[in-house]
Amino acid sequence: MKKLFILALCIVNCALCINVMAEKQTVRLYVPEMECDNCKGKVENVLAYERGVKKLDFDVAHRIVTIVYEDKRTNVEKLQAALMKYIKYESKELKEGEHVECNHEHHHHGHDHGHDHGHKH
């Protein structure tokens, strides 16, 4: 019984060590097809179930999702692959300080988007 207890204690300690070693990373992905709340919901549904994803923030007007994730459980390539596999959305990693210019070319998905990207015309 004592050996079983020690083994269980070792397993718990190892699990805690793995979590401590995992670093949280943040990535911003530009997702051109994410142009409305419906599209945002699709992206959210995919990424929320990916292993290691801890937090999602969305800027639909600029089509950017900011993802906080554990680097021991996933990486940028896996997140991008999930978007392509499940909803056929391409994405581009934005480097620190990199911005996306809105070109107002829309790829409507058969529903009204009713947005103006916050720009004044």
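In what follows, the accompanying structure is described. Each chain has its residues counted from 1, running along the sequence as written. Local features are withheld for residues below a pLDDT of 70 in this predicted model, meaning they are given only at 70 or higher, and side-chain atom pairs are given and counted only at 80 or more; totals for whole chains, interfaces and linings count all residues. The side-chain figures draw on all heavy atoms in the structure; neither hydrogens nor water molecules are used.

Comments concerning the overall build of the protein
So, step 1. In this description a helix means any DSSP run of H or I spanning at least four residues, a strand means any run of E spanning at least two, and both kinds are numbered starting from the N terminus. For the protein, the count of helices and strands is three helices and four strands.
So, step 2. The protein chains shown are the only cover counted for residues, whose accessible areas, like all others here, come from Shrake-Rupley with a 1.4 Å probe. Approximately 8500 Å² of the protein is accessible, and the part contributed by carbon and sulfur atoms is 54%.

Things to note about the packing of helix α2 (residues 37-47) against helix α3 (residues 76-87)
So, step 1. To get an axis, a line is fitted to the C-alpha atoms, and for a helix only the part in contact is used. The angle between two axes follows their N-to-C directions and goes from 0 to 180 degrees. Two elements in contact, α2 and α3, have axes separated by 10 Å at closest approach and are oriented at 120°. One element, α2, and the other, α3, form an angle in the oblique class. Of the two elements, α2 crosses α3, and the hand of that crossing is right-handed. Residues Lys42, Val43, Val46 and Leu47 of α2 lie in contact with α3, whose contacting residues are Leu79, Ala82, Leu83, Tyr86 and Ile87.
So, step 2. Each residue belonging to the contact of α2 with α3 can be placed in one class, and the counts come to eight nonpolar, no polar and one charged. Our angle categories are set so that under 35 degrees counts as roughly parallel, over 145 as roughly antiparallel, 65 to 115 as roughly perpendicular, and the remainder as oblique. By convention the crossing between two helices is left-handed if the near helix lies anticlockwise of the far one by an angle smaller than a right angle, and right-handed if it lies clockwise. Here a residue-residue contact requires only that any non-hydrogen atoms of the pair lie within 4.5 Å. Charged residues are taken to be Asp, Glu, Lys and Arg, nonpolar residues to be Ala, Val, Leu, Ile, Met, Phe, Trp, Tyr, Cys and Pro, and polar residues to be all remaining types, Gly included.

What about the environment of cysteine 36?
So, step 1. For cysteine 36, the location among the structural elements is in the loop between β1 (24-30) and α2.
So, step 2. Along the sequence, cysteine 36 and alanine 61 sit 25 residues apart, while their C-alpha atoms lie 7.9 Å from each other.

Examining the nonpolar core
So, step 1. Side-chain atoms within 4.5 Å link the members of a nonpolar core, which is a set of buried Ala, Val, Leu, Ile, Met, Phe, Trp, Tyr and Cys residues. Using a 1.4 Å probe on the protein chains alone, a residue whose accessible area is under 20% of its type maximum counts as buried, one over 50% counts as exposed, and one in between counts as partly exposed. Leu29, Val31, Val43, Leu47, Val65, Ile67 and Leu83 are the most contacted members of the largest nonpolar core, which totals 20 residues.
So, step 2. Listed by contribution, the elements that provide at least two residues to this core are β1, α2, β2 (53-59), β3 (64-70) and α3.
So, step 3. In terms of residue count, α3 provides more of this core than any other element does, five residues in total.

Observations concerning unusual backbone geometry
So, step 1. Although it is not a glycine, arginine 63 adopts a positive phi angle of roughly 65°.
So, step 2. Along the chain, arginine 63 turns up in the loop between β2 and β3.
So, step 3. In this structure, lysine 88 takes a positive phi of about 60° despite not being glycine.
So, step 4. On the basis of relative accessible area, lysine 88 is assigned to the exposed category, the value being 59%.

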